[in-house]
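Below are the chains, spelled out letter by letter.
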Amino acid sequence: NNKVETEGKAPGGKGGEYEASFSATAREATERSGISKLMKDGHVVHDHLFEPCGYSMNGVAQGDAYWTIHITPEAHCSYASFETNYKCGAYEELIQGIIAVFKPGRFTTVEHIDFASEAGNRGPQSPADCMGHRLANRVLCDFCDGAYSIQMCNYVKGGEAEN
């Protein structure tokens, strides 16, 4: 499992969460924002625009993989979450794609690492920098005698102070 939560937008930036505000349909918002490109080997099952603002998308990929995105595009409390159980060798490319779409001021990643999986064989990954964001905090917890771990990393934009 991998989850990315973003808050705020990058100074001067307009992320994918704001594209939903300028779209007539949920499908248009999915395409214009770049969200559809995040879905590796999958397709959108349901996407929805909310009034007065907001967006939600659920998708599936081959096997039992799912993708879900929820967005609240408000100037004072912009928030987006992305969650998937898509199995891959590494999540860095996916996380970079999410950051490119949403252009957040800060974000948090949560990884559930099963060491018997392809990604788990590499162990927990937490780059010091990611798309102009720096690693501010990292928490790693091991469970079941090291059979799996949960890692949470907080990233902030450039020189932004931590909250």
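Quick caveat, the model's predicted, so the values are computed rather than measured.

> So, the overall build of the protein chain: which residues are in play, and what are the values?
Looking only at helices and strands, the protein chain features three helices and nine strands. Among the 163 residues that make up the protein chain, the fraction classed as buried is 42%. In the protein chain, the proportion of contacts linking residues at least 24 apart, taken out of those at least 6 apart, comes to 55%. Summed over all atoms, the accessible surface of the protein chain reaches about 8400 Å², with 52% contributed by carbon and sulfur.

> How would you summarise the nonpolar core if you had to cite specific residues and measurements?
Ile35, Met57, Trp67, Ile69 and Phe102 are the most contacted members of the largest nonpolar core, which has 28 residues in total. Only β3 (55-61), β4 (66-72), β5 (79-84), α3 (92-102) and β9 (148-157) provide two or more residues apiece to this core. Among the elements that line this core, the one with the most residues is α3, at six residues. If sequence neighbours within four positions are ignored, Ile69 has contacts with Ile35, Tyr55, Ser56, Met57, Ser81, Phe82 and Phe102.

> Please give an account of the sheet that holds strand β8 (residues 133-143) that cites residues and values.
Here nine strands make up an open sheet; going across it, the order is β2-β3-β4-β5-β1-β6-β9-β8-β7 and the pairing antiparallel. Every other strand in the sheet has two partners, leaving β2 (42-49) and β7 (129-130) as the edge strands with one partner each. The sheet contact formed by β2 and β3 spans seven bridges and is antiparallel. Following the sheet pairing, Leu49 is matched in β3 by Tyr55. Contacts between helix α2 (residues 26-33) and the sheet are confined to β2 and β3, with β2 contributing the most and set at about 120° to the helix.

> If you had to explain the pairing of β8 to someone new, which residues and values would you point to?
For β7 and β8, the ladder comprises two bridges, and the chain directions are antiparallel. From the neighbouring strand, Cys130 faces β8, where its bridge partner is His133. In sequence, β7 turns back onto β8 through a hairpin of two residues, with Met131 there showing a positive phi of about 50°. In this structure, β8 lies alongside β9, joined through ten bridges in antiparallel fashion. By the bridge assignment for β9, Arg134 is matched with Val156. Hairpin connection of β8 to β9: four residues between the antiparallel strands, including Cys144 at a positive phi of 50°.

> Hey, could you go over the packing of aromatic side chains for me, with residue numbers and the actual values?
This model, assessed by the stated rule, comprises four aromatic pairs. With 5.3 Å between their ring centres and 20° between their planes, Phe143 and Tyr148 make a pair best called stacked. Note on Phe143: relative accessible area 33%, which makes it partly exposed. Put simply, the rings of Trp67, Phe82 and Tyr86 pair up and form one aromatic cluster.

> Tell me about the environment of Ser33, and name the residues and values.
Within the secondary structure, Ser33 is located in helix α2. Each C-alpha atom of the pair Ser33 and Ser23 lies 9.4 Å from the other, and the pair is ten residues apart in sequence. Only 3.3 Å separates the side chain of Ser33 from the backbone oxygen of Thr30, close enough to count as a polar contact.

The rules behind each value
Residues numbered from 1 in each chain as written. Predicted model: local features only at pLDDT ≥ 70, side-chain atom pairs only at ≥ 80, totals over all residues. Heavy atoms only, no water. Helix = DSSP H or I, 4+ residues; strand = E, 2+ residues; numbered from the N terminus. Buried < 20%, exposed > 50% of the residue type's maximum accessible area, 1.4 Å probe, protein only. Contact = heavy atoms within 4.5 Å. Areas by Shrake-Rupley, 256 points an atom, 1.4 Å probe, with all protein chains shown as cover. Core = buried A, V, L, I, M, F, W, Y, C linked by side-chain atoms within 4.5 Å. Pairing = 2+ DSSP bridges. Axes fitted to C-alpha atoms, helices over the stretch in contact; angles between N-to-C directions. Phe/Tyr/Trp six-rings, centres within 6.5 Å; stacked < 30°, edge-to-face > 60°. Polar contact = N/O pair within 3.5 Å; in protein donor to acceptor, adjacent residues only side chain to side chain.

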